[in-house]
Amino acid sequence: MKEYAAFLRGINVSGKNKIAMAELKALFIGMGFAGVSTVLNSGNVLFSSESADGNEIGVRVSEKIREVFGYEVPTYVAERDRLREILRHAPKWWNTGDRRYYHNLVFILTDDSPDDICRLAGAPSEGKEFIRPFDEVIFWSYDLSCYQKCNWWKMTAARGIAERLTIRTGNTVKRVCR
């Protein structure tokens, strides 16, 4: 059995697409996954599966959520060991504990590459935010004192880009990888 983490996009945000974590856990158990647990209230699920295809699992989970809850919830699934490996390649400036900066990991839900997303979003605001693509993710940090002026802060929420991504804080990803 392989250990996985699933990151569901857009649930329990501003009262929309509400799914209780107990219901989400039950859904995963009902789909035959083992060792299911949730992390925080924002759609992070840890589980084990015999399947070796995270993309296929993500599609199955999204379809089951549509069937049970009636709405679209794109789902990014990765092996936990792979996430740990990704974190070992984090840039020096990412998730340092400096509270002046907010640190995120951007997961891509579509067939776009990190470079495709970087082209769509444009350059980060110089001196205010930093990005670094690595394999299938993008490390991203921004200055909290001026985040609303940051290009990526605006663009990752823009129509045409936002639906291609799910974003988690560095601390959340580290917690998932424990």
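Whatever comes next refers back to the structure up there.
Here's what I pulled together on the structure shown here. (Residues numbered from 1 in each chain as written. Predicted model: local features only at pLDDT ≥ 70, side-chain atom pairs only at ≥ 80, totals over all residues. Heavy atoms only, no water.)

**Examining the packing of helix H1 (residues 21-30) against helix H2 (residues 54-69)**
Moving on, step 1. Running from amino to carboxyl end, H1 crosses H2 at an angle of 120 degrees, the nearest separation of the two axes being 11 Å. If you check the angle between H1 and H2, you find them oblique. Considering only the axes of H1 and H2, their crossing is right-handed. Residues Glu23, Leu24, Leu27 and Phe28 of H1 form the contact with H2, whose own contacting residues are Val61, Lys64, Ile65, Val68 and Phe69.
Moving on, step 2. Tallied by class, the residues present in the contact of H1 with H2 amount to seven nonpolar, no polar and two charged. (Axes fitted to C-alpha atoms, helices over the stretch in contact; angles between N-to-C directions. Helix = DSSP H or I, 4+ residues; strand = E, 2+ residues; numbered from the N terminus. Parallel < 35°, antiparallel > 145°, perpendicular 65-115°, else oblique. Left-handed = near helix turned anticlockwise from the far one by under 90°. Contact = heavy atoms within 4.5 Å. Nonpolar A, V, L, I, M, F, W, Y, C, P; charged D, E, K, R; others polar.)

**Quick word on the state of the cysteines**
Moving on, step 1. Applying the stated rule across the entire model yields zero disulfides.
Moving on, step 2. No disulfide involves cysteine 146; its sulfur sits 4.7 Å from that of cysteine 150, the nearest cysteine.
Moving on, step 3. On the basis of relative accessibility, which here comes to 14%, the residue cysteine 146 falls in the buried class. (Disulfide = S-S within 2.5 Å. Buried < 20%, exposed > 50% of the residue type's maximum accessible area, 1.4 Å probe, protein only.)

**Focus: the pairing of strand S3 (residues 44-49)**
Moving on, step 1. Within S3, six of the six residues are buried, which leaves the element mostly enclosed by the surrounding structure.
Moving on, step 2. Residue alternation in S3 divides its side chains into two sets, Asn44, Leu46 and Ser48 and Val45, Phe47 and Ser49, and both sets are buried.
Moving on, step 3. Relative to S3, strand S1 (residues 2-8) runs antiparallel, the two being bridged by six bridges. Each bridged residue has a counterpart across the sheet, and for alanine 5 the counterpart in S3 is leucine 46.
Moving on, step 4. Looking at chain direction, strand S2 (residues 34-39) and S3 are connected through four bridges and run antiparallel. Bridged to alanine 34 within S3 is serine 48.
Moving on, step 5. Once S2 ends, the chain turns through four residues before running back antiparallel as S3, passing leucine 40 with a positive phi of about 65 degrees. (Pairing = 2+ DSSP bridges.)

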